[in-house]
Amino acid sequence: MTDAVPSPETPPGHSTPELRASDADRERVAEQLRDAVAEGRLDMEEFEERLEATYKARTYGELAPITRDLPGAVAVTPVSMVKQPAQSGSWAGRIVGGEGSSSWGVAIMGGFQRKGQWTVPKRFTSFTFWGGGEIDLRDANFADREVVINCVAIMGGANVIVPPGVEVVVRGLGIMGGFDHRQEGRLGDPGAPRVIITGFAFWGGVGVERKLPRAERLRLKEERRQEKLERRESRRELEGRSDQPDVLDDLYDTAREALEEHRELIRERHDERRQRHEERRERHEDRRERHRERHEDRRRDRGWDGDH
């Protein structure tokens, strides 16, 4: 009697666990782990241990326990026990339709943020007056393939952060202010949303930045770590001491990773301080201008002229 071949309709978790896993299967598990560490469900030590186990796994039976205790391990991003066709693109699951989870943001002598896992509506409107707003689309879903971010900045500012692969179009009008056009002209990935930034800036500004999501930064960091480990093992083999750990190499790599993280944190804080400095400078210039206008009004009211 021959062994039964698993049917393509077999639910995840019920097919033969001894089937060999593919690189795509391991990458799906790794992606779920990155999402979990970004959400705070795993700390970095747990993340690194599970990620190492993921890339060492050879069968579905070895992959399945790695994400078993994470929410949505089966319903949302299951580990497929049979060969599945690859998806056409990672953006397909982020165009979710609906009305969006937030349609506006207001900052009057203060600030607002829209970041993390939220749904961008077809049209989002922000208003800032003597304040600032941050609209972060890196981890967001999108109600439509084309969304409009309408920014009105009066003596204030707004900053729109988009992930790589998103097409950006800027159509705003600035009077004694401006809109950042540096991210225009880049073609988007297939299936990626198109973000149109419109609005009006008076004595204010709307910035546009392109940054990697945190989970992607962690993935790249892990890739660099794996490359370092491979280079270290190659050096040990060449020197004939592959079975002996190199403490100095370990210390050096750990110190360099900590330095890179420190530099990244400094850059982020520098950007925040620079933005706050610009906002304070704009408010200071506005106060000086209003003081000068009041002074000129008093001079005219008292009948002074340039000859006195």
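The preceding data block contains the structure.
Described below are features of the structure shown in this document. All of these numbers come straight from a predicted model, not from anything done at the bench. Starting afresh in each chain, residues are numbered from 1 along the sequence in its written order. Side-chain atom pairs in this predicted model are given and counted only at pLDDT of 80 or more, local residue features only at pLDDT of at least 70, and totals for whole chains, interfaces and linings cover all residues. For the side-chain quantities, the full set of heavy atoms in the structure was used; hydrogens and water were omitted.

## Some points on the packing of aromatic side chains
Stacked, edge-to-face and tilted are the three classes for Phe, Tyr and Trp ring pairs, Trp counted by its six-membered ring, which pair at centre distances within 6.5 Å; planes under 30 degrees apart are stacked, over 60 edge-to-face, the rest tilted. Taken as a whole, this structure holds four aromatic pairs when the rule is applied. With centroids separated by 6.5 Å and ring planes inclined at 65°, the aromatic side chains of Trp91 and Phe142 adopt a geometry described as edge-to-face. In this pair, Trp91 is assigned in the loop between helix H3 (60–63) and strand E1 (104–108) and Phe142 in strand E6 (residues 141–142), connecting sequence segments 51 residues apart. Under the relative-accessibility criterion, Trp91 is labelled buried at 7%. Residue burial is assigned from relative accessible area. The probe radius is 1.4 Å, only protein chains are included, and a residue is buried under 20% of its type maximum, exposed over 50%, and partly exposed in between. For Phe142, a relative accessible area of 0% corresponds to the buried category. Between Trp118 and Phe124, the aromatic rings sit 5.6 Å apart at their centres with planes inclined by 70°, giving edge-to-face as the arrangement. The exposure classification of Trp118 matches that of Phe124, with both residues buried. Numbering of helices and strands runs from the N terminus; a helix is a DSSP stretch of H or I covering at least four residues, while a strand is a stretch of E covering at least two.

## Quick notes on the pattern of salt bridges
Criterion for a salt bridge: a side-chain nitrogen of Lys or Arg within 4 Å of a carboxyl oxygen of Asp or Glu. Across all of its chains, the model carries eight salt bridges by this definition. A salt bridge links Arg194 to Glu146; the nearest nitrogen and oxygen atoms lie 2.8 Å apart. Here Glu146 lies in strand E7 (residues 146–154) and Arg194 lies in strand E12 (residues 194–202), a separation of 48 residues in the sequence. Under the relative-accessibility criterion, Arg194 is labelled partly exposed at 25%.

## Some details on the packing of helix H1 (residues 23–38) against helix H2 (residues 44–56)
Comment: axis = line fitted to C-alpha atoms, over the contacting stretch for helices; angle = value between 0 and 180 degrees taken between N-to-C directions. Put simply, H1 and H2 touch, their axes get as near as 10 Å, and they point 175° apart. If you check the angle between H1 and H2, you find them roughly antiparallel. Side by side, H1 and H2 meet where Arg26, Glu27, Val29, Ala30, Leu33, Arg34 and Val37 of the first sit next to Met44, Phe47, Arg50, Leu51, Thr54 and Tyr55 of the second. Its residues assigned to classes, the contact of H1 with H2 shows eight nonpolar, one polar and four charged. Small angles under 35 degrees read as roughly parallel and large ones over 145 as roughly antiparallel, with 65 to 115 read as roughly perpendicular and the rest as oblique. Residue contacts are defined here by distance: any two heavy atoms, one from each residue, within 4.5 Å place the two residues in contact. Residues are sorted three ways: Asp, Glu, Lys and Arg are charged, Ala, Val, Leu, Ile, Met, Phe, Trp, Tyr, Cys and Pro are nonpolar, and all the rest, Gly among them, are polar.

## A look at the nonpolar core
Take the buried residues of types Ala, Val, Leu, Ile, Met, Phe, Trp, Tyr and Cys, join any two whose side-chain atoms come within 4.5 Å, and each joined set is a nonpolar core. Of all hydrophobic cores here, the largest spans 27 residues; its most connected members are Val120, Ile135, Leu137, Ile149, Val160, Val195 and Ile197. Among the elements of the structure, E7, strand E8 (157–162), strand E9 (167–170), E12 and strand E13 (205–210) are those that each provide at least two residues to this core. Here the element with the most residues in this core is E7; it accounts for four residues. If sequence neighbours within four positions are ignored, Val160 has contacts with Ile135, Leu137, Ile149, Cys151, Ile197, Gly207, Val208 and Glu209. Ala21, Ala36, Ala57 and Ile66 belong to the second largest nonpolar core, which has 15 residues in total.

Coordinates in, geometry out; function isn't part of it.
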